[in-house]
Amino acid sequence: TRSLVGSVRCVQETATKGVLIKKGNEMLTRYCEKNHLPIQKCGQLVVALKEQDLRGLNELKKRAWRNEVPIQMRNEFETSLIDKNAKVYKQSLFCPAVSSTQPAEICKFMAKEVSELGVSIQYNTKFLGKAPAGIFTNSGLIKARKIFNAAGLYADKIAQHYGFGLNYKIVPFKILGLKSTKPSAAISTNIYTIPDFNFPYLAVKLYTTPNGYIKISPLAAPALWREHYNGLAGFSASELISNLISDADIVIRYNKKINFLNVLSSELKKFSKKFFIDQGTRLVKELKDVDFINDKPAVIANLFDTAKKEYVEHSIVEADNSTCHITVSYTHLTLP
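Rules behind the numbers
Every chain's residues receive numbers from 1 upward, in the order its sequence appears when written. Given that this is a predicted model, residues contribute local features only at a pLDDT of at least 70 and side-chain atom pairs are listed and counted only at 80 or more, while totals for whole chains, interfaces and linings are drawn from all residues. Computation of side-chain values: all heavy atoms of the structure, hydrogens and water removed. By the criteria applied, helices consist of DSSP H or I runs no shorter than four residues and strands consist of E runs no shorter than two, each listed in order from the N terminus. Whether a residue is buried, partly exposed or exposed follows from its accessible area with a 1.4 Å probe, protein chains only, as a fraction of its type maximum: under 20%, in between, or over 50%, in that order. Note on contacts: a residue pair qualifies if any of its non-hydrogen atoms lie within 4.5 Å across the two residues. Per-residue and other accessible areas were derived by the Shrake-Rupley procedure at a 1.4 Å probe size, with only the shown protein chains allowed to occlude residues. Here a salt bridge means any side-chain nitrogen of Lys or Arg lying within 4 Å of a carboxyl oxygen belonging to Asp or Glu. For this quantity, the arc is that covered by the directions from the helix axis to the C-beta atoms. A pair of strands counts as paired when DSSP detects no fewer than two bridges linking them. Angles run from 0 to 180 degrees between N-to-C directions of axes, and those axes are lines fitted to C-alpha atoms, restricted for helices to the stretch in contact. We call a set of buried residues a nonpolar core when its members are Ala, Val, Leu, Ile, Met, Phe, Trp, Tyr or Cys and they connect through side-chain atoms within 4.5 Å of each other. Two aromatic rings, drawn from Phe, Tyr or Trp (for Trp, its six-membered ring), form a pair once their centres lie within 6.5 Å of each other, and the interplanar angle then sorts them: stacked below 30 degrees, edge-to-face above 60, tilted otherwise. By the criterion adopted, a ring carries a charge over it if an Arg CZ or a Lys NZ lies within 6 Å of its centre and within 35 degrees of its normal.

Trainee: Any details on the overall build of the protein chain? Residues and values, ideally.
Mentor: Scanning the protein chain for helices and strands turns up 9 helices and 19 strands. Counting only residues that meet the buried cut, the protein chain has 46% of its 336 residues in that class. Across the protein chain, the fraction of contacts at a sequence separation of at least 24, relative to all contacts at a separation of at least 6, is 70%. In the structure as shown, the protein chain presents an accessible area of about 17,700 Å², 56% of it carried by carbon and sulfur atoms.

Quick look at the structure:
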């Protein structure tokens, strides 16, 4: 992830997933500190902006306590002591365990670390199919006694080569955001709005990076193919058709239950840069002399159960004696 948001994300999750995210937050924090990697222990505020938000704030507090997440309720004055620029109506929640990192730097360090231990990292290598004692790739045969499939957006397809996850399909979504053109001291902590509990990952947030930049996120949009980051890069006609069918299914299946079209409409408004910036800046008292540009996009995996015709809120792990398949789901569709 782009920042260590685990402690607040987990208060939006079911207990098991929340506990695991909390543990991962703690492990990654220790890893960054041990290896002197960029990390900013800025904490995170979830702010109420109106009377109706206070109910959601109390629900988040209950979930935090259930998952043993250190979280504190703060009044307006106490909130100003944490971040004097944060806008708040009556109360906020503060999670001191949250930090911001630079994921690219962490990945580079991990790659260097495992390479020194004798691990071979083969880039630009595509899985083509299973082999009697390994896998076929576009770089040739790779022999292996045990295969771990953690292929992200393609984990479901690889698992199905081995007879696993036949009822599961990954539906990708693109996450867009904005980044300040230069470092700014306008905020000193990450600031989130109260989420819609049907779509908690869509809660607008302002967060700061270890090198002082400010980011506004997220804008969620359907990814037309699995690696739909920019332009036509990674284009796949078969994935385009499949994803369009899946996206239509989302609208039809969920609109009556959670007014999905309203959610889609609010996300489309964010394509207006001015509207998107306004959504972020309403979390602070002022944000002067800060200009924003498009940040690097991300594509997340939403896992759909084709047999039950519903989205899966947790990741799936399946294995036999020679393979293990980890199909990750980012979905948080909590239906009434």
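Trainee: For the pattern of salt bridges, give the residues involved together with the corresponding values.
Mentor: Oppositely charged side chains are able to pair whenever their charged atoms sit close together. Counted under the stated rule, the structure contains 11 salt bridges. Between glutamate 116 and lysine 112 there is a salt bridge, and its shortest N-O distance comes to 2.8 Å. Taken together, the residues glutamate 116 and lysine 112, both in helix 5 (residues 103-116) and 4 residues apart, mark about one turn of the helix. A relative accessible area of 57% means that glutamate 116 is categorised as exposed. Note that glutamate 286 is salt-bridged to lysine 288, the shortest N-O span being 3.7 Å. The class of glutamate 286 is partly exposed, set by a relative accessible area of 45%. With a relative accessible area of 61%, lysine 288 lands in the exposed category.

Trainee: Describe helix 9 (residues 273-281), and please don't skip the residues or the numbers.
Mentor: Along helix 9, the residues classified as buried are Phe276, Ile277, Gln279 and Gly280. For helix 9, the arc enclosing every buried residue in end-on projection is 155 degrees, short of the 170-degree limit, so these residues lie on one face. Considering only its buried residues, helix 9 is in contact with strand 11 (168-180), strand 13 (205-208), strand 14 (214-222) and strand 15 (292-294).

Trainee: How would you explain the sheet that holds strand 9 (residues 140-143) if you had to name every residue and give the values?
Mentor: Reading across the sheet, the 3 strands line up as 7-8-9 and stay open at both edges, with antiparallel pairing between neighbours. Looking along the sheet, the strands with just one partner apiece sit at the ends: strand 7 (127-131) and strand 9. Each neighbouring strand pair of the sheet contributes to a mean axis angle of 25 degrees, computed without reference to strand direction. Bridge count between strand 8 (residues 134-137) and strand 9: 4 bridges; the pairing is antiparallel. Residue pairing for strand 9: isoleucine 135 is matched across the bridge by isoleucine 142.

Trainee: An account of the sheet that holds strand 18 (residues 316-319) is requested, with residue identities and associated values reported.
Mentor: A sheet is described by the order of its strands in space; here 3 strands give the open sequence 10-19-18, paired in mixed fashion. Since the sheet does not close on itself, it has two edges, and those belong to strand 10 (147-149) and strand 18, each with one partner. When strand polarity is set aside, the average angle formed by the axes of neighbouring strands in this sheet is 10 degrees. The pairing of strand 10 with strand 19 (residues 323-327) spans 3 bridges and is parallel. Bridged to phenylalanine 148 within strand 19 is cysteine 324.

Trainee: Describe unusual backbone geometry, with residues and values.
Mentor: For the bond from serine 217 to proline 218, the omega torsion is -5 degrees, close enough to zero to count as cis. Examined against the element boundaries, proline 218 turns out to sit in strand 14. A positive phi angle, near 50 degrees, is found at asparagine 124, a position not held by glycine. Residue position: asparagine 124 is located in the loop between helix 5 and strand 7.

Trainee: Tell me about the nonpolar core, and please be specific about residues and values.
Mentor: Grouped together as the largest cluster of nonpolar side chains are 21 residues, with contacts concentrated most on Ile191, Leu206, Ile216 and Phe292. Counting only elements with at least two residues in this core, the list comes to strand 3 (44-47), strand 14 and helix 9. Per element, the largest residue contribution to this core is 4 residues, and it comes from strand 14. With residues near it in sequence (within four places) discarded, isoleucine 191 still touches Leu45, Val47, Asp83, Ala86, Val204, Lys205, Leu206, Leu283 and Val284. Leu54, Leu57, Val98 and Tyr192 belong to the second-largest nonpolar core, a separate cluster that totals 13 residues.

Trainee: Can you explain the packing of aromatic side chains? Please cite residues and give values.
Mentor: What the rule picks out here adds up to 3 aromatic pairs. Relative to phenylalanine 109, the ring of tyrosine 31 has its centre 6.1 Å away and its plane inclined at 75 degrees; by these criteria the two rings are edge-to-face. Taken together, the positions of tyrosine 31 in helix 2 (residues 15-34) and phenylalanine 109 in helix 5 put the pair 78 residues apart, joining distant regions of the chain. Note on tyrosine 31: relative accessible area 17%, which makes it buried. For phenylalanine 109, a relative accessible area of 24% translates into the label partly exposed. Aromatic pair phenylalanine 127 and tyrosine 162: ring centres 6.4 Å apart, planes at 45 degrees, arrangement tilted. Taken together, the residues span a long stretch of sequence, with phenylalanine 127 in strand 7 and tyrosine 162 in the loop between helix 6 (155-161) and strand 11 at a distance of 35 residues. Across this residue pair, the class does not change: phenylalanine 127 and tyrosine 162 are buried. The positively charged end of lysine 179 is found above the aromatic ring belonging to tyrosine 213, 4.6 Å away from the centroid. Positioned above the aromatic ring of tyrosine 154, the side-chain terminus of arginine 226 is 5.5 Å from the ring centre.

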